[in-house]
Amino acid sequence: MKRLGILGGNQVAQMTVQAAISFGIDTAILERFADSPASRLTQYSVIGDWTDAAALGEFAKMCDVITLENEFVDAWGLALLEGRGLSVYPSSETLTLTQDKFWQKNRLEAEHISLPAFRAVETPDDVIAVGEAFGWPLVLKARRDGHDGYGNVILQKPTDIHAAWTQLVRRNGRKLMVEQFISFAAELAVIVVRGRDGIICTYPVVETIQRDHICHIVRAPAQISSDIAQRAAAIARTAVEAVNGVGVFGVELFLLHDGTLLFNEMAPRPHNAGHFTIEGCVTSQFENHIRAVMGWPLGATEMIAPAAVMVNLLGTREGIVHPESVHHALSVPAAHIHFYGKRVVDFGRKMGHVTVLGATLEEAETVALHAANWVDL
Ligand SMILES: Nc1ncnc2c1ncn2[C@@H]1O[C@H](COP(=O)(O)OP(=O)(O)OP(=O)(O)O)[C@@H](O)[C@H]1O
Ligand SMILES: [Mg+2]
């Protein structure tokens, strides 16, 4: 049996390991911090940075197949692992095409996918020029390593540029891009899984509700027409094929009031918008990710209930986590509570999630929010 290595040790890796356990396959984790949520679940773990060739080399010796839990891993690190003969999915080529939002959007524009007008910017003066071309407001985005909205600032007017620029370039002179601000009717997401053989499946389209740019609620399936759902799934499939993706991908879209769909971004890994699939679908996104990267047949992606709602448990303070803070929520019998076991909490940090299945979205959401409200983070 082959061993599956995962770069990163947070919740996405943890839930992938949980799925791997059901298949009886061994996993290994490479993570900078000791005692990560995923490394606690396996005896094979390297504590080190994925930018450190020595750590990657040590990790490579433990693994046959390698995947990742976030897109912050450098594409050259994946190329190094590929050079040692390992099967790496997503590949270094796919990561190169996706981890820089500007390159990603260029690639998808070439496939005739509609997306908000965008442009790379080198200086604050470039942003003023884009404002003249696109109109205001604009969204200034870090091209790489943004997550949960931390890489984005909305600019209402030219005088907002200076502070936003300073905030976003602060680390290693990060490259920035600017995008037209979209006043959408809703945000949708499609989880896509593509096997090594190119067979591709999509999960039911979901609606995501962000609070302060962070995913808060996921409603499955989205309350949209079958025409919109089919177009969303088609865009998502085209996007994953355009980067020759293997594994699970999360594709985020804006739905406009006139029914137009615009591509926002995709992540080359299991996605927060797909956590509901653990209880809500025949095959979870994590199980299907493993099937895809191992080269195994994919599982069915249908839902097993009419509706499922997932609510993220986000930190509301800084400090040490009290594991018992979820215990009250367990008094809601229909709620599936996931608590990731992170040792410290921070404002907005994803600490866990709750999923509830139901006959309707309204019913499931009421119960899920009720359970989430019992969690004191
Ligand atoms: N061009 C835009 N117009 C309007 N709102 C936007 C735009 N781009 C992003 N947003 C809002 O900000 C949220 C986060 O943006 P984006 O998906 O680019 O960032 P991220 O930090 O990489 O994402 P994630 O939260 O998925 O990790 C979006 O879900 C959306 O609500
Ligand atoms: Mg996003």
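Per-chain numbering applies: the sequence of each chain, read as written, is numbered from 1 onward. To read the labels, note that chains go from A and ligands from 1, taken in the order they are written. Where totals are concerned, whole chains, interfaces and linings use all residues; where local detail is concerned, this predicted model gives features only for residues with pLDDT of at least 70, and gives and counts side-chain atom pairs only at 80 or more. The basis for every side-chain value is the complete set of heavy atoms in the structure, and neither hydrogens nor water enter the calculation.

Trainee: How should the packing of aromatic side chains be read in this particular structure?
Mentor: Here a ring pair, both rings aromatic, is described through the centre-centre distance and the interplanar angle of the planes. Classification of ring pairs rests on two measures: the distance between centres of Phe, Tyr or Trp rings, Trp counted by its six-membered ring, which must be within 6.5 Å, and the angle between planes, read as stacked under 30 degrees, edge-to-face over 60 and tilted in between. Following the criterion strictly, the structure yields three aromatic pairs and no others. Each ring, one from F102 and one from F118, has its centre 5.8 Å from the other, and the planes form 70°; the classification is edge-to-face. Note that F102 is positioned in helix α5 (residues 101-109) and F118 in strand β6 (residues 118-121), a separation of 16 residues in sequence. Think of it in three bands: residues with accessible area under 20% of the maximum for their type are buried, residues over 50% are exposed, and the middle band is partly exposed, with areas taken using a 1.4 Å probe on protein chains only. Accessibility expressed as a relative area gives 11% for F118, which makes it buried. Lysine and arginine charges are scored as sitting over a ring when NZ or CZ, respectively, is within 6 Å of the ring centre and within 35 degrees of the ring normal. Sitting above the plane of the Y44 ring, R3 keeps its charged end 3.5 Å from the centroid. Cation over ring: R32 sits above W50, and NZ or CZ is 5.5 Å from the ring centre. Strands here are runs of E lasting at least two residues and helices are runs of H or I lasting at least four, both read from the DSSP assignment and numbered beginning at the N terminus.

Trainee: Honestly, the site of ligand 1 in this entry has me stumped. Any pointers?
Mentor: Lining the immediate environment of ligand 1, one finds 20 residues, of which K101, K141, G149, E187 and E265 sit closest. Note that an oxygen atom of ligand 1 is positioned 2.7 Å from one of the side-chain N or O atoms of K101. Between E179 and ligand 1, the recorded distance is 2.8 Å, taken from a side-chain N or O atom to a nitrogen atom. Only the protein chains shown count as cover for residues, with accessible areas throughout obtained via the Shrake-Rupley method and a probe of 1.4 Å. Here ligand 1 has 610 Å² of accessible area as a free molecule, and 92% of this is covered by the chains. Any residue with a heavy atom lying within 4 Å of a molecule or strand is counted as near it. Any pair of N or O atoms that falls within 3.5 Å is considered a polar contact. Within protein, one atom must be able to donate a hydrogen and the other to accept it, and sequence-neighbouring residues count only if both atoms are side-chain atoms.

Trainee: What is the right way to look at the coordination of the magnesium ion (ligand 2) in this model?
Mentor: Coordination angles at a metal have ideal targets, namely 109.5 degrees for four tetrahedral donors and 90 or 180 degrees for six octahedral donors. Binding of the magnesium ion (ligand 2) to the protein goes through E252 (OE) and E265 (OE), at separations of 1.9 to 2.1 Å. With a gap of 13 residues between them, E252 in strand β14 (residues 247-255) and E265 in strand β15 (residues 261-267) connect regions that are remote in the sequence. Taking relative accessible area as the criterion, E252 reaches 17% and is therefore assigned buried. Nitrogen, oxygen and sulfur within 2.8 Å of a metal are treated as its donors, or within 3.2 Å for sodium, potassium and calcium (Na, K, Ca); water is not counted, so a site can appear incomplete.

Trainee: Before we go on, may I ask you to explain the packing of helix α1 (residues 11-23) against helix α10 (residues 285-294) in this structure?
Mentor: The description of two helices packed together rests on the angle between their axes and the distance between the axes. Axis angles are defined between N-to-C directions and span 0 to 180 degrees, where every axis is a line fitted to C-alpha atoms and, for a helix, only to the segment in contact. At a closest axis distance of 8 Å, the pairing of α1 and α10 adopts a crossing angle of 70°. Considered as vectors, α1 and α10 are oriented roughly perpendicular to each other. Within the contact between the two elements, α1 uses V12, M15, T16, A19, A20 and F23 and α10 uses F286, E287, H289, I290 and R291. Residue composition of the contact of α1 with α10, grouped by class: seven nonpolar, two polar and two charged. Angular relationships are summarised with four words: roughly parallel below 35 degrees, roughly antiparallel beyond 145, roughly perpendicular across 65 to 115, and oblique for the angles in between. Pairs of residues are marked as contacts when any of their non-hydrogen atoms sit within 4.5 Å. For this classification, Asp, Glu, Lys and Arg are treated as charged, while Ala, Val, Leu, Ile, Met, Phe, Trp, Tyr, Cys and Pro are nonpolar and the rest, including Gly, are polar.

Trainee: Could you clarify how one ought to interpret α5 in this entry?
Mentor: Since one α-helical turn is 3.6 residues long, residues separated by three or four positions face the same way. Every buried residue of α5 is accounted for by K101, F102, Q104, K105 and L108. Down the axis of α5, the smallest arc covering the buried residues is 160°, so these residues share one side. Sitting at the head of α5, D100 places a side-chain oxygen 2.8 Å from the backbone nitrogen of F102. Regarding the arc, it is the one traced by the directions from the helix axis to the C-beta atoms.

Trainee: What is the right way to look at the sheet that holds strand β4 (residues 65-68) in this model?
Mentor: Within a beta sheet, neighbouring strands are joined by backbone hydrogen bonds and run either parallel or antiparallel to one another. Here the rule is simple: two strands pair whenever DSSP picks up at least two bridges between them. Strand order in the open sheet formed by five strands is β3-β2-β1-β4-β5, with parallel pairing between adjacent strands. With partners counted over all chains shown, the strands left at the sheet margins are β3 (44-47) and β5 (87-88), one partner each. Packed on one face of the sheet, α10 meets β1 (4-7) and β4 and runs near 140° to β4.

Trainee: What should I look at first to understand the nonpolar core in this one?
Mentor: For soluble globular proteins, nonpolar side chains are generally found buried alongside one another. L188, V251, L253, F263 and M266 are the most contacted members of the largest nonpolar core, which totals 28 residues. Those elements that provide at least two residues to this core are α5, β10 (186-194), α8 (226-242), β14 and β15. With seven residues, α8 is the largest single contributor of residues to this core. Ranked by size, the runner-up nonpolar core spans 21 residues in total, among them A335, V345, A364 and A372. Buried residues of nine kinds, namely Ala, Val, Leu, Ile, Met, Phe, Trp, Tyr and Cys, make up a nonpolar core once their side-chain atoms join them within 4.5 Å.

Trainee: Explain the state of the cysteines here, please?
Mentor: Covalently bonding the sulfur atom of one cysteine to the sulfur atom of another cysteine gives a disulfide. The criterion for a disulfide is a pair of cysteine sulfur atoms lying within 2.5 Å. Scanning the entire structure with this criterion turns up zero disulfides. For C215, which is in no disulfide, the shortest distance to another cysteine sulfur is to C281 and amounts to 15 Å. Take C215: its relative accessible area is 9%, and that puts it in the buried class.

Trainee: Would you explain the sheet that holds strand β8 (residues 152-155) in this entry?
Mentor: Across the sheet, which stays open at both edges, the four strands sit in the order β6-β9-β7-β8 with antiparallel pairing between neighbours. The sheet is open, and its two edges are formed by β6 and β8, each paired on a single side. Neighbouring strand axes in the sheet, compared pairwise and without regard to direction, differ in orientation by 25° on average. Against the sheet, helix α6 (residues 124-134) makes contact with β6, β7 (138-142), β8 and β9 (176-180), and its axis sits at roughly 165° relative to β6, the strand it touches most. Along the sheet, helix α7 (residues 161-169) contacts β6, β7, β8 and β9; its crossing angle with β8, the most-contacted strand, is approximately 175°.

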